[in-house]
Structures are given as structure tokens and as C-alpha cells.
Amino acid sequence: MGGREFSAGIKAGTSIAIGYFPIALTFGLLAKTTGLSLWEATAMSIFVFAGAAQYISLTLITAGVAPAVIVLNTFIVNIRHFLMTASLNEKMQPDDRWKKALYAFGITDESFSVLATQKGNKLSTAFAAGVIVIAYGSWIIFTAVGHLIGANLPQFLQASMSIALYAMFVGLLVPSMRGNRKVVSLAVIAGLVNSFFYFTEWLSTGWAIMVSTLASAIFIEWISRKGVKA
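Residues numbered from 1 in each chain as written. Predicted model: local features only at pLDDT ≥ 70, side-chain atom pairs only at ≥ 80, totals over all residues. Heavy atoms only, no water.

Looking at an unreviewed UniProt entry, one finds the chain named 4-azaleucine resistance transporter AzlC, with Planomicrobium stackebrandtii as its source organism. Here is the UniProt Sequence similarities (unreviewed entry) comment for the chain, exactly as written: "Belongs to the AzlC family." According to the UniProt record, the Subcellular location (unreviewed entry) comment for the chain reads "Cell membrane". (UniProt positions renumbered as here; feature names shortened; annotations may be inferred.)

The helix and strand tally for the chain stands at 12 helices and zero strands. Going from the N terminus to the C terminus, the chain shows its helices and strands as α-α-α-α-α-α-α-α-α-α-α-α. Across the 230 residues in the chain, those meeting the buried criterion constitute 33%. Put simply, 77% of the contacts in the chain that link residues at least 6 apart link residues at least 24 apart. With the model as given, the accessible surface of the chain reaches about 13,400 Å², and the carbon-plus-sulfur share is 69%. (Helix = DSSP H or I, 4+ residues; strand = E, 2+ residues; numbered from the N terminus. Buried < 20%, exposed > 50% of the residue type's maximum accessible area, 1.4 Å probe, protein only. Contact = heavy atoms within 4.5 Å. Areas by Shrake-Rupley, 256 points an atom, 1.4 Å probe, with all protein chains shown as cover.)

Here the focus is the packing of helix α6 (residues 97–105) against helix α8 (residues 125–151). Contact geometry of α6 with α8 gives a least axis separation of 9 Å together with a crossing angle of 35°. Pair α6 / α8 crosses with left-handed handedness. Only Thr-125, Ala-128, Ile-132 and Tyr-136 of α8 make contact with α6, whose side of the interface consists of Lys-99, Tyr-103 and Phe-105. (Axes fitted to C-alpha atoms, helices over the stretch in contact; angles between N-to-C directions. Left-handed = near helix turned anticlockwise from the far one by under 90°.)

The subject of this paragraph is the side chain of Thr-108. Here Thr-108 lies in the loop between α6 and α7 (109–116). Relative accessible area serves as the criterion here: at 6%, Thr-108 is assigned to the buried category. Dropping the residues within four chain positions of it, Thr-108 is found in contact with Tyr-20, Phe-49, His-81 and Met-84.

The first and last C-alpha atoms of helix α11 (residues 181–200) sit 28 Å apart over 20 residues, in line with the 28 Å expected at 1.5 Å per residue. At the C-terminal side of α11, Glu-201 shows a positive phi close to 60°. (Expected span 1.5 Å × (residues − 1).)

All right, on to a nonpolar patch on the surface then. Side chains of Leu-72, Phe-196, Trp-202, Leu-203, Trp-207 and Val-211 sit close together on the surface and give an oily, nonpolar patch of about 570 Å² of accessible area. Locating Trp-207 in the fold gives a position in helix α12 (residues 205–229). (Patch = residues over 30% accessible without salt bridge, like charges linked within 9 Å, V, L, I, M, F, W, Y side chains within 5 Å. Salt bridge = Lys/Arg side-chain N within 4 Å of Asp/Glu carboxyl O.)

It is the contact of helix α5 (residues 80–89) with α7, at a shortest axis distance of 11 Å, that shows an interaxial angle of 20°. Here α5 is positioned roughly parallel relative to α7, judged by the angle of their axes. α7 is crossed by α5, and the crossing has left-handed handedness. Counted together, Arg-80, Met-84, Ser-87 and Leu-88 of α5 and Asp-109, Phe-112, Leu-115 and Ala-116 of α7 form the full contact between these two elements. (Parallel < 35°, antiparallel > 145°, perpendicular 65-115°, else oblique.)

Turning next to the packing of aromatic side chains. Counted according to the given criterion, the structure contains 13 aromatic pairs. Judged by centre distance (5.2 Å) and plane angle (70°), the rings of Tyr-20 and Trp-139 are edge-to-face. One end of the pair, Tyr-20, is in helix α1 (residues 2–34); the other, Trp-139, is in helix α8, and 119 residues separate them in sequence. Relative accessible area serves as the criterion here: at 5%, Tyr-20 is assigned to the buried category. (Phe/Tyr/Trp six-rings, centres within 6.5 Å; stacked < 30°, edge-to-face > 60°.)

Per the UniProt record, the feature "transmembrane region" (unreviewed entry) sits at residues 12–31, 64–83, 126–150, 156–174, 183–200 and 206–224. Along residues 64–83 the backbone is 75% helical and 0% strand, and the end-to-end C-alpha distance reaches 31 Å. Here residues 126–150 is 100% helix and 0% strand, with 36 Å between the C-alpha atoms at its ends.

If you look at the biggest cluster of nonpolar residues, it comprises 20 residues, and the most contacted ones within it are Ile-16, Tyr-20, Leu-88, Met-92, Ile-107, Leu-115 and Val-131. Those elements giving two or more residues to this core turn out to be α1, α5, α7 and α8. Once residues within four sequence positions are removed from consideration, Ile-107 is found in contact with His-81, Met-84, Thr-85, Leu-88, Phe-112, Leu-115 and Ile-132. (Core = buried A, V, L, I, M, F, W, Y, C linked by side-chain atoms within 4.5 Å.)

Printed below as a string of C-alpha cells:
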């Protein structure tokens, strides 16, 4: 029974692995141009396993930001995982806490979406493990492949790939902005606050990103709550 459910999870997670191919590949390539070794880039995918946070980390590493600030920024970006795993726990069958801790580590936006949209009875740990194993494994493998490809690119192409990092952020942001005024407002306010800190040099790059992210989120949520009460 467990083996069949694990296989079903692998099958359900195949679409995630396919979707991770270009993103993880690009991450590995950019990690190479940032100066990370193959082992460092692969280790980041093994221990962090969070696409957006890893891309942000590359930006902060390039800017020479202190490791503690990078960790704080990563925590803020990934804080939504507390909500996702808490919500998913209601859909999962009861199991040992250590097993839940293992598959909770593997929860990403994509794996959460696949698991949360499954219909029928509560999901087993084996099914969740299947989804996460193929997603996790593909992310790590494609990161390493991307780094190896980047190592064989001409030096001038490696230098120009730093632009792709910003293009990736734009590509992630624009689709979510369509028809969503809240996301647009968050992006604009965060950009303005970060620009203020950049030009005044009141805060370093890492702290500026963290403060602008928190400030925009708190402000938009406050405005939204006032609108609901009104």
C-alpha cells in the first residue's frame, strides 16, 4: 500500500520536476557566475531548497552582505512556509512527528499546490514523500547540471549572466502582478523604500531589502484591514 502511494506521489510530482528544470538550471549557472563552487551551489539546493530565497541569496552574496543578514532575509522570504505546512497538516493522515518534519522540509509552493489540490481522503505520508522526493531530487540535480554548463561557458558570457538574475526576478513578479492590485502595491512600495535606503546609504543592501520587504507588507496589510473595517 505504501509503495503504491509513493509511486502515485512520484507520478503527481513529475510536473514539478519538469517545471524545475529551467529554474534550477539557471540557478546553478548563476551560482557559478557568482563565484560559488559546484559543491557550494549544490549544498545550497540540498540544505535550503527554496528557489526564491536561493536567488535572493545570490544577489546578497554578490553584494558582499554579511551571512547573518542573508539568513534573516531568507527567513522572511520563507516565512509563508509556516502557514503552508500548518494548512497541509490538516489534510495529511496522522503520523510520527519526525516523519512530518521530514516532508515539511520538502514543502515548496509547487509541492504544496500539488498536495493541497488532491481530492478524496486524507493524504498519506508515502504519497507526500513521493511528491517531495522527485521535486527535491530534480532541483538538486538540475542545479549541479546548470553549474557544470556555466563552468564551460566563455568568460564574457559568464559575466553577462548576472543580468539574467534580475530578469528572473522580473519574470517571477510580473505574472503575479496581473489583476492583483495588492501585489502591485507591495512591489511599488518595497521598491520605493529600498530605493530610499539605496540613495541615502542609511542601510546596507541586505538590511535595506529586509526592511523594505517588512515595511511594505505591514503597510499594505494595515491598509487592507482599515478598508475591511470601513
